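# Topology and contacts: notes
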Amino acid sequence: GINAEYGQHYFKQINLSKTHAMPTLEGLEEASLEKIPDLSIAQMRFEISLSSTEAKELGIDQAEVKRTLMDKIKTGYMAKLYKEVSAELKMPLNNSVLEEMEQKNKEQLDKIDEEIANAEKNEGESEVRDAMVRKCEYLTSIGDKEAALKMLKDTLDKTTTTGHKLDLHFHMIRLGLFCCDNKLITVNLDKAKELIELGGDWDRRNRLKVYTGFYAMSIRNFKDAATNFLDTVSTFTSYELMTYHTFIKYTIVSAMLTLDRQELTKKVVNGSDINEVLHDLPLFRKYIDSLYNAQYAEFFVALAEIELFLKKDRMLAKHASYYVREMRVRSYSQLLESYSNLTVNYMANSFGVSEKFIDKELSRFIATGALNAKIDKVGGIVQANKPDKKNAQYQSVIKQGDILLNRIQITS
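As the structure is a computational prediction, the values presented were derived from the model and not from experiment. (Residues numbered from 1 in each chain as written. Predicted model: local features only at pLDDT ≥ 70, side-chain atom pairs only at ≥ 80, totals over all residues. Heavy atoms only, no water.)

### A short note on the packing of helix H8 (residues 125-141) against helix H10 (residues 162-179)
H10 packs onto H8 with a crossing angle of 10° between their chain directions and a minimal axis gap of 12 Å. One finds that H8 runs roughly parallel with respect to H10. Along the contact surface, H8 presents Arg129, Val133, Cys136, Glu137 and Thr140, while H10 presents His164, Leu168, His171 and Leu175. Broken down by class, the residue content of the contact of H8 with H10 amounts to four nonpolar, three polar and two charged. (Axes fitted to C-alpha atoms, helices over the stretch in contact; angles between N-to-C directions. Helix = DSSP H or I, 4+ residues; strand = E, 2+ residues; numbered from the N terminus. Parallel < 35°, antiparallel > 145°, perpendicular 65-115°, else oblique. Contact = heavy atoms within 4.5 Å. Nonpolar A, V, L, I, M, F, W, Y, C, P; charged D, E, K, R; others polar.)

### Quick notes on the packing of helix H14 (residues 244-258) against helix H17 (residues 282-292)
One way to put it is that H14 packs onto H17 with a least axis distance of 11 Å and a crossing angle of 20°. What the angle tells us is that H14 and H17 run roughly parallel. The handedness of the crossing between H14 and H17 is left-handed. Contacts between H14 and H17 involve Lys249, Ile252, Val253 and Met256 from the former and Phe284, Tyr287, Ile288 and Leu291 from the latter. Of the residues that constitute the contact of H14 with H17, the class distribution is seven nonpolar, no polar and one charged. (Left-handed = near helix turned anticlockwise from the far one by under 90°.)

### A word on the side chain of Thr251
By secondary structure assignment, the location of Thr251 is in helix H14. Taking the relative accessible area as the measure of exposure, Thr251 reaches 0% and is therefore buried. A polar contact of 2.8 Å, which involves the side chain of Thr251, links it to the backbone oxygen of Phe247. If sequence neighbours within four positions are ignored, Thr251 has contacts with Phe229, Leu230, Val233 and Ile274. (Buried < 20%, exposed > 50% of the residue type's maximum accessible area, 1.4 Å probe, protein only. Polar contact = N/O pair within 3.5 Å; in protein donor to acceptor, adjacent residues only side chain to side chain.)

### Quick look at unusual backbone geometry
Following Ile36, the chain continues to Pro37 via a peptide bond in cis, the omega torsion being -5°. Phi at Tyr77 is positive, roughly 50°, even though this residue is not glycine. The residue Lys90 is not glycine, and still its phi comes out positive at about 55°. The residue Lys90 is located in the loop between helix H6 (79-88) and helix H7 (95-122) in this model.

### Focus: the pairing of strand S3 (residues 381-384)
Taken together, the three bridges between strand S1 (residues 341-343) and S3 define a ladder with antiparallel strand orientation. From the neighbouring strand, Leu342 faces S3, where its bridge partner is Val382. The pairing of strand S2 (residues 373-376) with S3 spans four bridges and is antiparallel. Across the sheet, the residue bridging to Lys374 is Gln383, located in S3. Between S2 and S3, which pair antiparallel in sequence order, lie four residues; one of them, Gly380, sits at a positive phi of approximately 65°. (Pairing = 2+ DSSP bridges.)

### Describing the nonpolar core
Residues Phe214, Met256, Tyr287, Tyr323 and Met347 are the most contacted members of the largest nonpolar core, which totals 106 residues. Residues in contact with Met347, not counting those within four places in the same chain, are Tyr332, Leu335, Leu336, Leu342, Ile358, Leu362 and Val382. By size, the runner-up hydrophobic cluster in this structure holds 21 residues, among which are Leu139, Ala148, Met172 and Leu184. (Core = buried A, V, L, I, M, F, W, Y, C linked by side-chain atoms within 4.5 Å.)

### Comments concerning the environment of Ile60
For Ile60, the position within the fold is in the loop between helix H4 (52-57) and helix H5 (62-75). Spatially, the C-alpha atom of Ile60 lies 8.8 Å from that of Ile48, the residues being 12 residues apart in sequence. In this structure Ile60 touches Glu47, Leu50, Ala55, Val65 and Lys312, once residues within four positions along its chain are discounted.

### Examining the sheet that holds S3
Taken together, three strands build an open sheet; the order of strands is S1-S3-S2 and the sheet is antiparallel. At either end of the open sheet lies a strand with only one pairing partner, and these are S1 and S2. Adjacent strand axes in the sheet meet at a mean angle of 25°, parallel and antiparallel pairs treated alike. Contacts between helix H20 (residues 344-351) and the sheet are confined to S1, S2 and S3, with S1 contributing the most and set at about 75° to the helix.

### Quick notes on helix H12 (residues 202-218)
The end-to-end C-alpha distance of H12 is 25 Å, a good match for the 24 Å that 17 residues give at a rise of 1.5 Å each. Most of H12 is tucked away, with 15 of its 17 residues classed as buried. The N-cap of H12, judged by a side-chain oxygen 3.3 Å from the amide nitrogen of Asp203 a few residues on, is Asp201. Where H12 terminates, the next one or two residues include Arg220, which has phi positive at roughly 70°. (Expected span 1.5 Å × (residues − 1).)

### Digging into the confidence of the model for the protein
Where the model shows low pLDDT, its predicted coordinates should not be examined in detail. This prediction gives the protein a mean pLDDT of 89; 87% of its residues lie at or above 70. Every residue in residues 1-30 scores below 50 in pLDDT, and together they form 44 contacts with partners more than four places removed in sequence or on other chains. (pLDDT = per-residue confidence, 0-100.)

### Things to note about the pattern of salt bridges
Tallied over the entire structure, the rule returns 23 salt bridges. For Arg129, the salt bridge identified is with Asp130, shortest N-O distance 3.8 Å. For Asp130, a relative accessible area of 37% translates into the label partly exposed. Glu361 serves as the salt-bridge partner of Arg364, at 2.9 Å between the closest nitrogen and oxygen. Here Arg364 pairs with Glu361, and both are found in helix H21 (residues 355-367), just three residues apart, close to one helical turn. Assessed through its relative accessible area of 4%, Glu361 is described here as buried. Here the residues in one salt-bridge network are Arg45, Glu84 and Glu88, joined through shared partners. (Salt bridge = Lys/Arg side-chain N within 4 Å of Asp/Glu carboxyl O.)

As structure tokens, then:
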């Protein structure tokens with residue numbers, strides 16, 4: 001059945017533009033694909049990979065996460081994952097448990113192979129393909145990446161319709177997201193984009209935007225992430241990747257960094273779909289409102305909590321320092337835009353920090369060209385400058401750095 005969050009979301013979609021052929025309630029239920037692979041397992045593996053100090057700072061109970069993860073692996077008979085995770089945790093393998101898992105895997109795969117053989121002998125092409133898809137899904141669910149990929153490619157060769165081909169590419173993208181295989185993700189995103197141009201339907205077009213945004217966010221391309229996420233706020237059905245609440249959190253994180261004030265006002269601050277969810281996300285409401293309303297001390301408190309959210313998330317953890325630095329620059333710039341001169345004391349009070357902290361922060365950002373200002377150390381005055389060539393160069397360096405980072409991650 002449709003869960004409460006999903007059900008609420010369906011009724012929101014009724015207000016979509018009439019130019020789209022709206023799916024039925026049953027169609028929307030089907031539109032949310034199976035959670036294969038289960039990305040929560042990848043998140044748990046990330047959490048147990050943290051040092052005990054990091055985990056404690058982030059409020060992660062690693063013993064509990066480990067128990068939950070091993071329970072999922074055992075109940076799903078995920079033999080391949082059991083071996084991998086045991087090695088990661090330096091845990092001895094329980095051979096009887098492993099043998100039981102491998103036996104179950106063999107029985108299930110033999111059964112599906114019989115279904116494929118029977119379909120090839122007695123039924124049509126669509127029944128053969130359906131049975132092959134079941135094998136792809138089973139291999140993925142037990143964590144056998146190589147066998148799953150081979151089966152997915154074989155199934156793709158037997159698939160003729162654009163929609164079914166897209167579903168297989170989405171499956172391979174999810175497998176790439178699960179395994180942090182950027183090449184697998186990008187190759188299949190590109191193939192999916194080509195197929196969409198040939199005539200993908202309403203739901204698959206929206207799904208591709210969410211997948212594109214999710215990957216963009218993971219490689220620090222927050223601008224593309226924001227664009228794709230904001231385009232699908234009212235049409236989201238990709239529950240196989242994340243919950244709707246998590247999707248809104250990602251949308252806010254990406255938009256806050258990359259949208260100008262006018263766009264932020266229109267799409268986030270006044271965005272009805274986002275506002276519907278914000279009453280369940282008080283931190284994210286505080287994060288938006290404090291910066292928008294120039295309540296800088298509150299914004300710094302919210303940003304510190306957002307940093308914890310980023311560090312806990314396997315897709316965002318490696319970008320946390322960059323993100324927080326850029327958001328601090330954004331808040332300083334916003335305050336300085338309103339005045340030609342400010343005292344260091346006034347800025348320190350505004351942000352709820354010491355003069356020493358603000359002086360050090362501003363000096364660093366001014367030196368790198370991130371902030372258009374200068375500090376009169378004697379008078380304790382911060383003077384705002386108009387945008388200059390140095391700032392343009394700084395932005396260019398940041399952009400080039402991001403492009404390089406993306407390329408490195410794609411090829412790694």
